[in-house]
Amino acid sequence: MTSPPAPPPPIRVLIADDQVMVRQGFTVLLNAEDGIEVVGQAVDGLDALAQVAELAPDVVLMDIRMPELGGIEATRRLTGRAGSTVKVLVLTTFDLDEYVYEALRAGASGFLLKDASAEELARAVRVVAAGDALLAPNLTKRLIAEFSRVTAAPRVPRRERVGDLTERETEVLSLIAQGLSNAEIAARLVVAEQTVKTHVGRILVKLGLRDRTQAAVFAYETGVVRPAGY
């Protein structure tokens, strides 16, 4: 009789926030979830950088506004490290906080409101850890659309990179930017979900992007997708 497969290792989470009540509250909520373990708490961006190097978490919950080093610059440094695999989920008080736009551009995989429920918090961590990025909720789609309105005209060097994509890959990129999941894209294009996963992987490799959130930002920045009314 074969032994049952060993459970996967827990998702390792670091919480970076200058408010002790936020850190402790999120720690209690996440540690109560199966398959998630809070491995550390950081009081600011510099502390977060040091603890990521020491503890190697899978996901960092990163507050945007912190002393010493803010969440945006800390996110940029973390995601810009060679070989970095850590995912950053930024924390914000307001769903259309202007600083969230820059956090997404800096490499964050999504964002979460600080008043999120325990279920929403755990789901966000699992989604980001899986590399799917937190793009599905309407708030995130609205955020990215609003972000694109305040950016400059499409950047020519980035726009040229779209030419590396096939017609189908460009179509998939457009649907990613609209917030569709792999299953929804598969249904729209009448193809297998595994085919969509293959296309997404190739898109990320060709464009040198980390995840779906970065792909969506790229699509808006380069004009592949335009927000409604623009």
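Nothing here was measured: the structure is a model prediction, and the numbers come from that model. Note that residues are indexed from 1 along each chain, following the sequence as it is written. Since the coordinates come from a predicted model, pLDDT governs what is reported: local features require at least 70, and pairs of side-chain atoms require 80 or more to be given and counted, while whole-chain, interface and lining totals use all residues. Side-chain metrics in this entry use all non-hydrogen atoms of the structure; hydrogen atoms and water are not considered.

**Student:** For this particular structure, what's the right way to read the nonpolar core?
**Tutor:** Soluble globular proteins: nonpolar side chains tend toward being buried together. Note on terminology: a nonpolar core comprises buried Ala, Val, Leu, Ile, Met, Phe, Trp, Tyr and Cys residues joined through side-chain atoms within 4.5 Å. Per-residue accessibility, obtained with a 1.4 Å probe over protein chains only, is compared with the maximum for each type, and a residue is labelled buried under 20%, exposed over 50%, and partly exposed between these values. Ranked by size, the top nonpolar core spans 25 residues in total, and within it Ala16, Val60, Met62, Leu78 and Val90 carry the most contacts. Sorting the residues of this core by element identifies strand S1 (11-16), helix H2 (45-55), strand S3 (59-63), helix H3 (71-80), strand S4 (87-92), helix H4 (98-106) and strand S5 (110-113) as the ones contributing at least two each. Segments assigned H or I by DSSP are reported as helices when at least four residues long, segments assigned E as strands when at least two residues long, and all are numbered from the N terminus. Looking at which element gives the most residues to this core, the answer is H4, with 4 residues. By size, the runner-up hydrophobic cluster in this structure holds 23 residues, among which are Leu165, Leu189, Leu204 and Phe218.

**Student:** Any chance you could explain the pattern of salt bridges here in plain terms?
**Tutor:** Any two side chains of opposite charge can pair, on the condition that their charged atoms come close. Take a side-chain nitrogen of Lys or Arg and a carboxyl oxygen of Asp or Glu: if they are within 4 Å of each other, that pair is a salt bridge. Scanning all chains against the criterion turns up 7 salt bridges. A salt bridge links Asp17 to Lys114; the nearest nitrogen and oxygen atoms lie 3.0 Å apart. With Asp17 in the loop between S1 and helix H1 (20-31) and Lys114 in the loop between S5 and helix H5 (118-129), the pair connects residues that are 97 residues apart, well separated along the chain. Exposure class is identical for Asp17 and Lys114. Each is buried. What emerges from the salt-bridge pattern is a single network uniting Asp17, Asp63 and Lys114.

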